[in-house]
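# Structural overview
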Amino acid sequence: MRIFLTAIALLAVLSVNLKGGDSTCSPLYLTANDLSIATGKPSLVLMSKVSTHIPVWSLSGGTEGQSVSGVIGALPDDCVAVKVEIVVTSNDPETSPDYADMYRVHLSQMVENAPFTDRYLLGKPVETPLSDAPFHSRTILLESYYEVVPNAPLTVRIQREPGLPGDTFTRPTGLAVVKVTPLKPLPKAHLVQDVSGYNSWPMTQAIGDKLVCTYSRGSKHTIHEDARAVYARTSTDGGKTWTVETVVADTPGYGEVTVGKGLDSTGAMLLWVRRIGKEWNHDLYRTTDGVTFELLATPKLAVQPMQVTDVFAVPEVGLMSLWFAGNYSDKPVHSWGIMTSADDGATWEQTTIESDLLKADWPTEPAAVSLGDGRILCVARTETGPTQFQITSTDNGKTWTRKRTNIGDIHASTPTLILDPETGLLSNYYYERGQGKLRRRVVDPDSVFDHPGSWPESEVVTTGSTIAWDSGNTNATVIGDRHYVSYYSGKAPDTSVFVLELPEPVAENGRSKNGKEVE
């Protein structure tokens, strides 16, 4: 195959080489001439246009198993992880965003006195739409955070995946550059609770300038054991120090778990607690100080939810929470819907939105924000993959539309959303279980409301336990220009609760959506 590249496209490729990333470490590059065949029969060809020539690897859109690899000789001393991106292009006349292709990265390191397979990572396939026209280049993020040993050689293998359903472009594409960016250490989270036991499933809410972190503790990853109760601690210094633990709920004969939080119209905190024993209940507690909690309601519901999630305000409605119900089987028995309250949580009305769903179509553990003008945007976990759900309403929750997103770096990843009123930016935090990565995607919600496949790339903001079910479940709140994201991490039977403090994200131009400069 011979691919022709315009001078404009070549400059686009070169600009990637010349630009440094956000990290203080300088990126490292593998050009096509630095790569060799790893599997299959890809071709090293020359892109030519007039007097411009650039080598690329031609990766088939019809033949599976083609990949190329190269080695980065050494990484900087202060490097703890790397980010891997590729630059690809195509000259085919049918090139357009109507088609997509898929790639994945294989990573490993040659560490002294250890097999080079020990640190092997099989990256998840990444699907992106093609460029608007032929000869345009694309930079694709394949792995945002792979932990490394400094000064040890890094092997990078790039593979196209034409056999997967998401790769709809049957023509070859050209791999020009692999960009590897060394990353420095991430911020450490504040410890909330690490006493002996399975401290887990935190819900964190700001009451004014006070952080309130609630969580559940039992002996293992179970929701019904009598030993499991709900506790709270508060902080007035951004999570650096915490008050003595207080008991929120410890009903004899029941296991109790925090499942949702929010604020009422007076600014008091509301907390949903799931209580399982001889019957299944959801109790709503209220507190003004994060220390003393009073039981506000135990609504009797026609459909008993698996979980009632965070409380948020909706104009002309009052308070709203989303719920989901089912048994995680492969039978069509799953459902989800909304609960609304017009009296600050004293009474609730339940509405079922979808029922008789298969597990693959079932949105669980949803997080939602009201955007105004009747619009609500929700992101939900998936129990089967491959991506999180996005659910939207344009009429304050009367009707809803559910679609898949392009958020695929997940595994039983519960989302939590923060909408910053000053910048207008929406942050989606979620924990990739099994990989130990707390991720964030930041977006102008207007750009994804009708286009759920357009979420920008994720960034890893901290790391935790890689034991899949002994970590995860993010829940976030905001104080001023700071985000506080809680999660749990450890190894059964002992896990701990943490809160990560981060500055609110700012648009690249330093301005909010309305053009106001953000300090």
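See the structure above.
First, a word on what this report is: a plain description of the structure on this page. (Residues numbered from 1 in each chain as written. Predicted model: local features only at pLDDT ≥ 70, side-chain atom pairs only at ≥ 80, totals over all residues. Heavy atoms only, no water.)

### Regarding empty space enclosed by the protein
- A complete count under the given rule lists 1 cavity of 30 Å³ or more for this structure.
- Its boundaries defined by the atoms lining it, the largest cavity holds a volume of some 110 Å³.
- For the lining of the largest cavity, the secondary-structure elements that each account for two or more residues are β14 (198-207), β27 (363-372) and β35 (471-479).
- Within the lining of the largest cavity, the residues separate by chemical class into 6 nonpolar, 7 polar and 2 charged. (1 Å grid on protein atoms, 1.4 Å probe; cavity = no way out; pocket = protein on both sides within 12 Å on 5 of 7 lines; lining within 4 Å. Points joined across faces, edges and corners; volume = space filled by probe spheres on them. Helix = DSSP H or I, 4+ residues; strand = E, 2+ residues; numbered from the N terminus. Nonpolar A, V, L, I, M, F, W, Y, C, P; charged D, E, K, R; others polar.)

### Some points on the pattern of salt bridges
- In the structure shown here, the tally under the stated rule is 26 salt bridges.
- In this structure, R138 and D101 form a salt bridge, with 2.6 Å as the shortest nitrogen-oxygen distance. Taken together, the residues R138 in strand β10 (residues 137-147) and D101 in strand β7 (residues 100-109) connect sequence positions 37 residues apart.
- The exposure class of R138 is buried, given its relative accessible area of 12%.
- Across the pair R286 and E294 runs a salt bridge, and its minimum N-O distance is 3.8 Å.
- Residues joined by salt bridges that share partners form a network here, namely K124, E143, D409, E432, K437, R439 and R441. (Salt bridge = Lys/Arg side-chain N within 4 Å of Asp/Glu carboxyl O. Buried < 20%, exposed > 50% of the residue type's maximum accessible area, 1.4 Å probe, protein only.)

### A few points about the environment of D78
- With respect to the helices and strands, D78 occurs in the loop between β5 (67-72) and β6 (81-89).
- Taking the relative accessible area as the measure of exposure, D78 reaches 35% and is therefore partly exposed.
- Each C-alpha atom, one on D78 and one on C25, is 8.7 Å from the other, the two residues being 53 residues apart in sequence.
- With residues near it in sequence (within four places) discarded, D78 still touches C25, L183, K184 and P185.
- Only 3.1 Å separates the side chain of D78 from the side chain of K184, close enough to count as a polar contact. (Contact = heavy atoms within 4.5 Å. Polar contact = N/O pair within 3.5 Å; in protein donor to acceptor, adjacent residues only side chain to side chain.)

### Observations regarding the nonpolar core
- One finds V192, C213, W272, M339 and W348 to be the most contacted residues of the largest nonpolar core, which totals 29 residues.
- Of all the secondary-structure elements, those providing two or more residues to this core are β14, β15 (210-218), β16 (229-235), β18 (255-263), β19 (269-276), β24 (318-325), β36 (482-491) and β37 (494-503).
- M339 has contacts with W272, P299, L301, V308, L319, M320, S321, W323, W348, E349 and Q350, leaving out every residue within four places of it along the chain. (Core = buried A, V, L, I, M, F, W, Y, C linked by side-chain atoms within 4.5 Å.)

### Structural notes on the packing of aromatic side chains
- Counted by the stated rule, this structure contains 11 aromatic pairs.
- Seen in terms of ring centroids, Y487 and F498 are 5.6 Å apart; in terms of plane orientation they differ by 20°. Their pairing is stacked. In this pair, Y487 is assigned in strand β36 and F498 in strand β37, connecting sequence segments 11 residues apart. Residue Y487 shares its accessibility class with F498, and that shared class is buried.
- Ring pairs connect the aromatic residues Y198, W201 and Y488, which therefore count as one cluster.
- Above the face of the Y254 ring, R275 is positioned so that its terminal group lies 4.8 Å from the ring centre.
- Stacked on the ring of F449, the Lys or Arg R375 has its end atom at 5.0 Å from the ring centre. (Phe/Tyr/Trp six-rings, centres within 6.5 Å; stacked < 30°, edge-to-face > 60°. Lys NZ or Arg CZ within 6 Å of the ring centre and 35° of its normal.)

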